[in-house]
Amino acid sequence: MSSAALIVFGLVTLLGLVSLLPPLAARVKLPYSVLLALAGCALGLLIQVQPQSHSAVASDLMTALQQFEISAEAIIVIFLPALLFEAALSVDLRSLLEDIAPILTMAVVAVVICTLVVGFSLAGASDYGLLACLLLGAIVATTDPAAVIGIFKEVGAPRRLLTLVEGESLLNDAAAISIFTLLVAAILYPGSVGPAGAVVSFLVSAIGGAVVGLGMGIATTSLFRILNGWPRAEITLTIALAYLSYFISEHYLHLSGVVACVAAGLVIGAARKTRLTQETSEQLEGAWGQIGFWANSLIFLLAAMFVPRFVGNMTWTDIGLVILLYFAVMAARAVTVFGLLPLFERLRLSQQIDSRFKGAMLWGGLRGAISLALALAVTENRALPEAIRDFVAASVTGLVLMTLFINGTTLRPLIRFFQLNRLSAVGAGVRDRAAVMTLAEVRDHVAEAAETGRFDRNVTDAVLGDLDARLAVERSDCAPLGAEGGVLGKRQTMRVGLTVMTARESARCLELLHARVVDRRIAEQLLAHAQTLRDSVRQQGATGRGAEAERKRWEADKAFAKAWKRNLRYGPAFRLALALQNRLGFDRILANALAERFELLVNQRRLLGEMGPFARDRLGALLGEEATEKLIALNADRAKAVEDALLALKLQYPIYAEALQRQHLERLARVWEDRGYHALLSQGVIGGEVAQALTEQAADRYPDIDRRPRLDTRMSARDLVAGVPLFANLSEDASSRIVRQLRPRLTLPEELIVRKGERGESMFFIASGAVRIVIPDGDVELGSGDFFGELALITGRPRVTDVISLGFCQLLELGAADFRALLAKDPALKAQIESVANQRLGVSVAAAK
C-alpha cells in the first residue's frame, strides 16, 4: 500500500474509532474527552510496542499509525481554527457581551496569574530555571472546554454557566499562545523582549486580530446576499472564512489569528438567523457541528498518542513536580475565581455570579489537546535545551491526565452536589404548568384522532382515561404561577410573562423573515427592539417583600415601558437624514429613513396584534388571570403608541402608506400560494414538475414585491407657498420673490421648533400639519395656513413661548432680514401679520401678568 493510501487508511480508521466512543462514554458515565485520552494513550503504546500480527489489515494499520507523524504546528493549523470557529458560532453574542468582564478576566488575567504562579512555584522546587517554568505555566494555562461543556449540557446546567466557560475557552488560547511565543523567544534570545514590550505586543495583536476578524465576518455576511439560494456555497464560504481569518491575521499581518477566527465566528453566529434562510442556518449548524466533532476528536486523539512517549522516562521527582504543578494550577484558578471576580462584582464591573457557578468554574478548568500540542511544539524545537524539552513534555502530559481523570470524572457529581442541574422555583413552576397545558392539548388531539379514525370505543376510553388521570395529578400539584399560593409573586410572574412574550415576538419575527414577508433590515431592527425589552425584563431580578416588592414592581413596569417608548423614538441616523434634508436639501436619505420607519411600524403593529391573543390563549392558564390581563394591557399600550406613530406618518404620506400595506398583503399572498403548492406536492396531488411550474408562475406575478415602494419627500417651496392662504392672492412676481426667500423644513412629531427665551432669527408658515403653542392659560393649536414666530422679529425680544410639532409638519421658514424686506414691499401682508401679532402680543402680556 502506498504512503498516501496508508495515511488515508489510518485517518478513516481513527474516525471509525471516535464514532464508537460517544455512546460508550454515555454507557460508562465518563466524559468523552477521558475516553479519547485513554484511546490515544492505548494507540501510542501500540505504536511503541509494535506487536507482530499475521493479519494484513492489522499490519497495515500499525504501519499507517507509525507513519502518521504530525507536527505540533500541523495540529494547531489544521484543527484549531475549526474548533474556535465552531465554538464561536454557537455562542450567544449578547450573552457573551453581558458577561464580558468576568470572561476577559478568566481568559486573559487568569492566564497571566497561572503563568506566574506555576513559574515561581516550580522554579523554587526545581532546577529548571524561572523562564522554563514560566513557559510551562503558559502552556498549561489554556483550558479545554469540550469535556466540561458536554457534562454541563448533559446534566442541564444553567445557560449562564455555559456562556462563562465557553467564553473563557474561546479567548484564553490567544493569551496563552502569545505568552508562550514570547517566553520561547526570551529563552532562545535573552533580553529580546521586555515586560512592557510584551504587554504592548499582546494588546496590538489581540485588538488587531479582533478588527480583522470583525471586518472579514461582516464582509462575508454581505456576500450571503449574492449566494442566497445556494446553501452549500454559503456553508463553504464560512469554512473558508474560518481558515482565512486565522491565516491572514497570523501569518501575513502578524496579529492574533485565534482572536480573528473567534471574532469572525461570532459575527456569523449573530447574523446567520437573519442573513441566511432557516434551512441554510440549520444546515450550517449541522455542518459545523460535524466539523467540530471531527476536529475535537482527532486533535485530542492525535495529541494523546504522544503521551506514552512523553511519560516513558518519568522519575519520582518528575511525578512530584507534576503533583505540585496540579496544585499550583488549581490555586491560580482559585485566586481568579474567588479573588478577582468578587472584586469586580463589588466594583459593579460585573454582574453577580453565583458561588456555585464559581465552584464549578474552578473544578471545570480541564487541560487538553492545545496544551499537549504546545508541549509537542517544545519537544520539536531543537534549539531549546533537551532538559527543558523533557521537563515540559512530562509535566504537561501528567497535568492533562490528572485534570481529566480527577476533575473530569468528578465534575458530574459536583454539579449534582451544587444542585446546578435542578430547576429554580420559577423554572419548576413553568415546567408544571407547561405540562398541564400540553397534556390538555394532547388529550384533545387524541380524542379527535380517535373519532376521525373510528377506533373502538373501549380503546379510546382507556387511552383518554389514562390522560385524564395524568392531567388530574398534574393539576393537583400546581396552581397558576401568579395565583394565591403559586410559586411566584406578582412581580416575578410579570417577569416570566414578559420574557415569554418578547421571546415569542422574536420567534414570530424570524418566521415572517424566513417567509419573505418582512425585509431583512426591518427584521433585524424588530429583533433588536425585542432584545432591548427582554434586557429590561432581565434587569428586574431583585426581590423584596411588602412595600419594597411593590416599589420594585412599579419600577420594573416603568423600566419596561421606558424601553418600548425608547424603541419608538427617532434615532440619530434618522435625525441626521432630517438635518441633511432641511439644511442641504438632500431628499433621498430622508425618504429612505421615512420608508424604513413606515415599514418597521407596519410590521410591529402586526406583531403586537398577535401578542394579545397569544397571551390570552397560551399564558392565561400558566400565569393566572390577573397577570395575563396586565400583560394584555401593557401590550395594548405598546400597540396604541405604535398606531399613533404610524398614523402621524400616514396623515403626511397617505399614498405611500397604502402602497406599503398593499406590498405587505401581496407578500402574504405569495407565501400562502407557495405553501399551497408545496402542500399539494407533499400530498401527491401534483408532481414535482407541475409544482415547479406553478411556483415560477407565482414568482412572475410578483416581480417587484421585494422592492420597497418609493417615498417622495421632496418639498417644492412653490407648491407649499400655494397651499398657504396668506399668500393665495399674491401676484406672480410677489409669489416668485417669496419662494426665493422661504426655506422648506420638515419637523417630527413632538419636536421642539421654537424654545422659550431664545433669540428669534426667523418665523414659520405652516404648509401642512399642526403645532402646539405652550402658554400658561392653556395651549393653543395652529394648523395649515397659520404662522408663528413673528413676535420675536417684530419686538426684537426673546421668544415668549415654546412651539411643539404635533405630527409631521411641513413648514416654510422665513429669516429675519427677508421678513423685514418682505413686509416693506407688501403693505397688505404686513398689515395682516401685524394684526395677528398684536392680538398674540396682548395675550402674551396678559399671561405674563
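Residues numbered from 1 in each chain as written. Predicted model: local features only at pLDDT ≥ 70, side-chain atom pairs only at ≥ 80, totals over all residues. Heavy atoms only, no water.

What follows covers the nonpolar core. By size, the foremost hydrophobic cluster in this structure holds 128 residues, and its most contacted members are Phe85, Val118, Val140 and Val396. Sorting elements by how many residues they give to this core places helix 9 (residues 159–188) first, with 15 residues. When residues no more than four places from it in sequence are discounted, the contact partners of valine 140 are Cys114, Val118, Leu325, Val329, Arg367, Ser371, Val396 and Leu399. In this structure, Ala563, Leu578, Leu601 and Phe808 belong to the second largest nonpolar core, which totals 47 residues. (Core = buried A, V, L, I, M, F, W, Y, C linked by side-chain atoms within 4.5 Å. Buried < 20%, exposed > 50% of the residue type's maximum accessible area, 1.4 Å probe, protein only. Helix = DSSP H or I, 4+ residues; strand = E, 2+ residues; numbered from the N terminus. Contact = heavy atoms within 4.5 Å.)

Let us look at helix 32 (residues 816–825). Listed in full, the buried residues belonging to helix 32 are Ala816, Phe819, Leu822 and Leu823. Projection of helix 32 onto a plane perpendicular to its axis shows the buried side chains occupying an angular sector of 125°, all on one side. Turned more than 90 degrees away from the buried face of helix 32, the exposed residues are Ala817, Ala824 and Lys825. (Arc of directions from axis to C-beta.)

Quick look at the packing of aromatic side chains now. Considering all chains together, one arrives at 10 aromatic pairs under this definition. When the ring of tyrosine 570 is compared with that of phenylalanine 574, the centres are 4.8 Å apart and the planes differ by 45°; the resulting orientation is tilted. Judged on exposure class, the residue tyrosine 570 and its partner phenylalanine 574 are both buried. Members of the aromatic cluster, joined through ring pairs, are Tyr570, Phe574 and Phe808. (Phe/Tyr/Trp six-rings, centres within 6.5 Å; stacked < 30°, edge-to-face > 60°.)

Attention now goes to the pattern of salt bridges. For the structure on display, the rule yields 21 salt bridges. In this structure, the salt-bridge partner of arginine 508 is glutamate 511, at a minimum N-O distance of 2.9 Å. Of this pair, arginine 508 and glutamate 511 both sit in helix 21 (residues 490–514), 3 residues apart, which is roughly one turn of that helix. Taking relative accessible area as the criterion, glutamate 511 reaches 37% and is therefore assigned partly exposed. The network of salt bridges with common partners includes Arg504, Arg508, Glu511, Arg606 and Glu610. (Salt bridge = Lys/Arg side-chain N within 4 Å of Asp/Glu carboxyl O.)

The next point concerns the sheet that holds strand 4 (residues 771–774). In space, the 4 strands of this open sheet follow the order 2-7-4-5, with antiparallel pairing throughout. For this open sheet the edge positions go to strand 2 (752–754) and strand 5 (780–782), each flanked by a neighbour on one side alone. Strand-to-strand, the axes of this sheet are offset by a mean angle of 30°, without reference to chain direction. Bridge analysis of strand 4 against strand 5 gives 3 bridges, and the strand direction is antiparallel. Bridge pairing in strand 5 links valine 771 to leucine 782. (Pairing = 2+ DSSP bridges. Axes fitted to C-alpha atoms, helices over the stretch in contact; angles between N-to-C directions.)

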